[in-house]
Amino acid sequence: MSFDNLKRNRDQISKLIQAAESAGGSSEKKSYVDERQWKPTVDKSGNGYAVIRFLPAAEGTELPWVRYWDHGFKGPTGLWYIERSLTSIGENDPVGELNSRLWNSGHDADKEKARDQKRRLHYVSNIYVVSDPSNPHNEGKVFLYQFGKKIFDKIMDVMQPDFADEEPVNPYDMWAGADFKLKIRNVEGYRNYDKSEFSSTSQLAEDDKLEAIYNQMHDLSDFTDPKNYKSYGDLKAKLMRVLGEEADQGAATMKQEIQMNDPAPMAEPVTAEQMSASTGDDDTLSYFAKLANEE
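Here we summarise the structure given alongside this text. (Residues numbered from 1 in each chain as written. Predicted model: local features only at pLDDT ≥ 70, side-chain atom pairs only at ≥ 80, totals over all residues. Heavy atoms only, no water.)

### Remarks on the overall build of the protein chain
When you go through the protein chain residue by residue, the secondary structure sums to nine helices and eight strands. In the protein chain, buried positions account for 41% of the 295 residues. When contacts within the protein chain are restricted to residue pairs at least 6 apart in sequence, long-range pairs at least 24 apart make up 69% of them. When the accessible surface of the protein chain is split by element, carbon and sulfur atoms take 48% of a total near 17300 Å². (Helix = DSSP H or I, 4+ residues; strand = E, 2+ residues; numbered from the N terminus. Buried < 20%, exposed > 50% of the residue type's maximum accessible area, 1.4 Å probe, protein only. Contact = heavy atoms within 4.5 Å. Areas by Shrake-Rupley, 256 points an atom, 1.4 Å probe, with all protein chains shown as cover.)

Shown next, in the form of structure tokens:
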């Protein structure tokens, strides 16, 4: 091609994109947003409000929720480790094993490192959005909602009330359940849900609408399906990349053990309670997932 022809035909972006796609590349930007999931919106002060209704278990499942654990922390290399924990499906997890060694080392510095790398508990349920003032287009739709222990404790509280004058309520019941008023505050930099509460019992909708709502529910098994978890070996390799060369000899020795040894028999992981779990577990996954893409 002559220089004149090059100049006349220099705008060939579409041809380059087409060639890349045909060779296995793609111009499509990956989206890490799960459109099935609903997330509450907060204002500049960190406050938010919405009303949701927890939905029952789908046909063929026993519980209206699933739970899983993950880890999200930044290593000394500057890389992030954001992965679901294999303990969610009853298997050994390399971070859990490392944290157990750190916690039992007898050194306060190691315990602090284990706290920073602790696993976080998440629950997922189907919900119906009754009111979402910040995003009214979500109202009347069914979503997945991911939440932490604070909200789950409130669910258990209404199912198992402490006082004799309180009637147990199944908040997942479409006929005799209760709306959940989600009230979010910013307390010391973390989202706080303490003021959230259930309303009085009520039917979610007219009978002719309930079946349509039920049929919109999403499959919860994605969060506990082994095929959606990385292998022990893959997680171990990523952990090694994230940790890099630890300056502390004790931590380096533990890292070497994980790198060289086969998985040990399943051990009970150190609990979040033992590590003094933080109050910000409910809304950290999406933040860490975004940062993880930097790797």
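### Points about the pairing of strand β6 (residues 178–187)
Regular strands place side chains that alternate from one sheet face to the opposite one. Two strands pair when backbone bridges link them, and strand β1 (residues 48–54) and β6 are joined in this way by five bridges, in the antiparallel orientation. When the bridges of β6 are listed, Ile52 appears paired with Phe180. The sheet contact formed by β6 and strand β8 (residues 197–201) spans three bridges and is antiparallel. Paired with Ala178 across the strands is Thr201, a residue of β8. Strand direction decides the pairing type here: β6 and strand β7 (residues 190–192), joined by three bridges, are antiparallel. What sits directly across from Asn186, in β7, is Arg191. If you look at the hairpin formed by β6 and β7, you'll find two residues sitting between the two strands, and Glu188 has a positive phi there, around 55 degrees. (Pairing = 2+ DSSP bridges.)

### Regarding the environment of Gln37
Relative to the assigned elements, Gln37 resides in the loop between α2 (13–22) and β1. Residue classification places Gln37 among the buried positions, given a relative accessible area of 18%. As a C-alpha pair, Gln37 and Tyr145 span 108 residues in sequence and 5.7 Å in three-dimensional space. Here Gln37 is in contact with Phe143, Leu144, Gln146 and Phe223, once residues within four sequence places are set aside.

### Observations regarding unusual backbone geometry
At Glu188, a residue that is not glycine, the phi angle is positive and equals roughly 55 degrees. Residue position: Glu188 is located in the loop between β6 and β7.

### A word on the packing of helix α3 (residues 94–103) against helix α7 (residues 232–243)
The N-to-C vectors of α3 and α7 enclose an angle of 55 degrees; their axes lie 9 Å apart at closest approach. On the basis of the axis angle, α3 is oblique to α7. Residues Pro94, Val95, Glu97 and Leu98 of α3 form the contact with α7, whose own contacting residues are Tyr232, Leu235, Lys236, Leu239 and Leu243. A per-class count over the contact of α3 with α7 returns seven nonpolar, no polar and two charged. (Axes fitted to C-alpha atoms, helices over the stretch in contact; angles between N-to-C directions. Parallel < 35°, antiparallel > 145°, perpendicular 65-115°, else oblique. Nonpolar A, V, L, I, M, F, W, Y, C, P; charged D, E, K, R; others polar.)

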